[in-house]
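# Breakdown of the fold
Next come the chains, spelled out residue by residue.
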Amino acid sequence: MLALEGAVEIPGIRISLPYEEEEVPEELPEAVYLLPTVVAPKLALKGLLVFSKEDKIFHLVQQACNRREVDISIARTLEATTEKLTTGPDIYHLIVIDGRYPNFLDAAEIAKAIRLTEGYNCATIVALVKRSFFESDATMTAFLDAGVNTCIVECYHLPYLNMELKQIISTTVKHYSIISTQEVLYTALNRIKDVLIITDNKFVIQYVNQAAAHLLGVLQKEPTKKHLSEYFVSDLTQWINALKPKDLTGDKPLDFAGTVLIKGKTLESTSFPVRARQLACYGRITTHLIFNVDVPVISQGDSSIASSHTRDFRGSFAAARRSSDLKGIPTESRRASAAKLAAMPLEAPITKIINLLSQLHENCSTDEAHLIDRVLDFLKYESLYSPQMKDIQMEDPIATELIGALITGSNVHSSRRSSNDSTIRTAVTRPTASLISTMKAAPLIMDSLKESLSWEFDIFRFEKITEKRPLLYLGMEIFDKFKVFTSMRMDQTVFKNWFLAVESRYHAQNAYHNSTHAADVLQAIGVFLSHFSKKEMSMDCLEESSALIAAVVHDIDHPGRSSAYLCNSNNPLAILYNDVTVLENHHAAYFFKLTLCDDSVNIFKNLEPDIYKSMRNIIIDMILATEMTRHFEHLAKFVSVFGGEMNCNKEIAAIEEDSALLMRRMLIKVADVSNPSRPYLFCVEWAQRIAEEYFQQTEEEKTQNMPIVMPMFDRCTCSIPKSQIGFIEYIVMDMLLAWDNFIDMPELITYTRNNLEMWKHLEEEGVRTIADVKRSCCYGLPTYSNGKSNSNAI
């Protein structure tokens, strides 16, 4: 609750100060202004001791907690800890984890799981460690990164433990309790109608409330970290520039009051009264400034005010702009359209571009005006990034057909009916429960998994030693490395059941689209995510988990035939999805239906509804991004955002959501078609498998008198090197260059260029079939930048 004593008024808001009754001074000096805060509620402290066993030190910690009047609960494992935090009614302010025996309890993992639990971002986590713990910087860093606040050295002296605990409660626990209650202030600031903007002492915006965001016509997070001068144009700018460093260090705060010209996301601006107040959060130097904008309330009948401030009652800046006389536009219809766009309360990025071009149109020459008119006409197109083949004269007509088939939509209709409308086999046998126990090559599997995050990982050898079940073992390993089990608060047994169920739904009879391909895409994404951490970029744990899950299921229940084939054969799936993104829609829907129908495989069941919904949206979007018909659209958007020099210290969490969306799409797209960027013999094996699947489709189309989707893939006439050259040059290479610029992984480009040169060499030698390609491999194995050959690759 708010204390009523010691209230202080800040422009635009009045907040009470947390004085105890006996501490209220009789008079506050005029120059003294104190920080507003909210009094933290006085709750009985509750603690959780996470110890795998009860020994002497456990009982001493328990006694110390009792002396400090901390109500204690006990947990023995990570699962028990998670259950205590999520199912019980208690909220634990202090959590002590036994970090002395990592073989029994992984304190860092438990701390990370606690931080991921809703409501525990401000809990105090203490690790009990041995004295030798402080000799390792890496271990200490891991604890801090996991969210541990402080460590207590193992000691059998009760007074020492009692004093340590007292200090922690008096400092960390108490301060966290105060900090957590500040959410009340932020909520209040967001709910009030006053326009408030807070900057640091360099006038860099730190916070805007919802009213300010509406006035500026921006998202609430967008102005943060930008200089105030980007939005405040006149008067205040001169005041800011006139300030000297000594002005920010005095006892008496410098206030500002005047009329300021404020601009939003367009070039137009409007004047508003603004008041500013300095604030010192610590010490005597100004640390923040609070700006209060007075927005006049406009009555519907006050035409004089409405003429100068044409605002609607929702307070959006888009409606507060002064009307513009769009001179120089050649037609009245153009002027009317531009004015209508400027008056709309909602503004899309393309609308902003049109507005800016319309304004530029006023002051340009006749020739330039004609060019702008052409640009504006192009901007009317529904899809700016839709792929269109350029007038490129490819030397090989096979490459032309291949690219055309890949980027053409699935709305290929046949004038002839097929005798068999479906190739999907719905009856798939589940693996037996003894699959893991009967696996004979377990030592070989474990040895191979040591290289699971190497780009040279031999997926085909792994497929063999796992008896064509690579997804289960590789999936469990990579999910464990990226802490998916912990972040989703789910037992490994459920994930194991889920992997078994998912892998059984991949059709082993498919030459290419089987569980080995899914495992290969999963492994590629694992490698990319590990490079993110090396470059100091990051995705949060749930985004990583979503990406890895999307890789596992992105081709689940694939029939081994293309979407165009399914449309031409009037397959039930094509009818269900209206011939639009047929396979990708099926993969996403099939995965969720399979996962949610049975608790024994439901990996989402412990997640809160909002987190599940967020993960579901990410997974579906990533699966749909693998559709090749939108390849150039996704690539163009990615390059437009990330095409320049990347700042590797910039975390993905700080990037706008749209940019993170593009990054996730490109992450799975590169992994999905990464075959040419693998070591040469791997590239050859993948080329054989995809060609075989396409050959079988072409043969079925001929047998059933259907339109042939990819005529270049005729078993009797196809040149494998030519098809690979076209695929690499016109589909893969540009995407890999953009991805390498983003992730800094040059081996992708090195392998791809080596493979392209080898395919060209084979084409010159007249090699056409995969059998001939493999025979050529036996005579001269290529070497790569690491100097090692790949003789055992397949």
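In the nomenclature of an unreviewed UniProt entry, the protein chain corresponds to 3',5'-cyclic-AMP phosphodiesterase from the organism Glossina fuscipes. As its UniProt record puts it under Cofactor (unreviewed entry), the protein chain is described as follows: "a divalent metal cation". According to the UniProt record, the Pathway (unreviewed entry) comment for the protein chain reads "Purine metabolism; 3',5'-cyclic AMP degradation; AMP from 3',5'-cyclic AMP: step 1/1."

To continue, consider the packing of aromatic side chains. Counted according to the given criterion, the structure contains 30 aromatic pairs. Here the aromatic rings of Phe-638 and Trp-739 are separated by 6.0 Å at their centres, their planes lie at 40 degrees, and the arrangement is tilted. On the criterion of sequence distance, the pair formed by Phe-638 in helix H25 (residues 631-642) and Trp-739 in helix H28 (residues 720-743) is long-range, its members being 101 residues apart. Exposure class is identical for Phe-638 and Trp-739. Each is buried.

Right, let's talk about the packing of helix H23 (residues 582-596) against helix H24 (residues 609-624) for a bit. Two measures define how a pair of helices packs: the angle their axes make with one another and the distance between the axes. As a packed pair, H23 and H24 sit with axes 8 Å apart at the nearest point and diverge in direction by 145 degrees. As for how H23 packs across H24, the hand of that crossing is right-handed. Here Glu-584, Asn-585, His-587, Ala-588, Phe-591, Phe-592 and Leu-596 of H23 come into contact with H24, specifically with Tyr-612, Arg-616, Ile-619, Ile-620, Ile-623 and Leu-624. Along the lines of polarity and charge, the residues of the contact of H23 with H24 split into nine nonpolar, two polar and two charged.

Here we come to the pattern of salt bridges. Under the criterion given, the structure shown has 23 salt bridges. We note a salt bridge from Arg-665 to Asp-621, for which the minimum N-O separation is 2.8 Å. One end of the pair, Arg-665, is in helix H26 (residues 657-672); the other, Asp-621, is in helix H24, and 44 residues separate them in sequence. One exposure class covers both Arg-665 and Asp-621, and it is buried. Asp-714 is the salt-bridge partner of Lys-702, the closest N and O atoms lying 2.3 Å from each other. With Lys-702 in helix H27 (residues 680-703) and Asp-714 in the loop between H27 and H28, this pair connects stretches of sequence that are twelve residues apart. Among the charged side chains, a salt-bridge network with shared partners connects Asp-55, Asp-98, Arg-100 and Glu-154.

Across the sheet, five strands lie side by side as E4-E3-E5-E6-E7; this open sheet has parallel pairing. Each edge of the open sheet is held by one strand with a lone partner, namely strand E4 (71-75) and strand E7 (150-153). Between one strand axis and the next, the sheet turns by 25 degrees as a mean value, whatever way the strands run. Sheet analysis places strand E3 (residues 46-50) next to strand E5 (residues 94-98), joined by four bridges and oriented parallel. Bridging from a neighbouring strand, Leu-49 pairs with Val-96 of E5.

Definitions and cut-offs
Residues numbered from 1 in each chain as written. Predicted model: local features only at pLDDT ≥ 70, side-chain atom pairs only at ≥ 80, totals over all residues. Heavy atoms only, no water. UniProt positions renumbered as here; feature names shortened; annotations may be inferred. Phe/Tyr/Trp six-rings, centres within 6.5 Å; stacked < 30°, edge-to-face > 60°. Helix = DSSP H or I, 4+ residues; strand = E, 2+ residues; numbered from the N terminus. Buried < 20%, exposed > 50% of the residue type's maximum accessible area, 1.4 Å probe, protein only. Axes fitted to C-alpha atoms, helices over the stretch in contact; angles between N-to-C directions. Left-handed = near helix turned anticlockwise from the far one by under 90°. Contact = heavy atoms within 4.5 Å. Nonpolar A, V, L, I, M, F, W, Y, C, P; charged D, E, K, R; others polar. Salt bridge = Lys/Arg side-chain N within 4 Å of Asp/Glu carboxyl O. Pairing = 2+ DSSP bridges.

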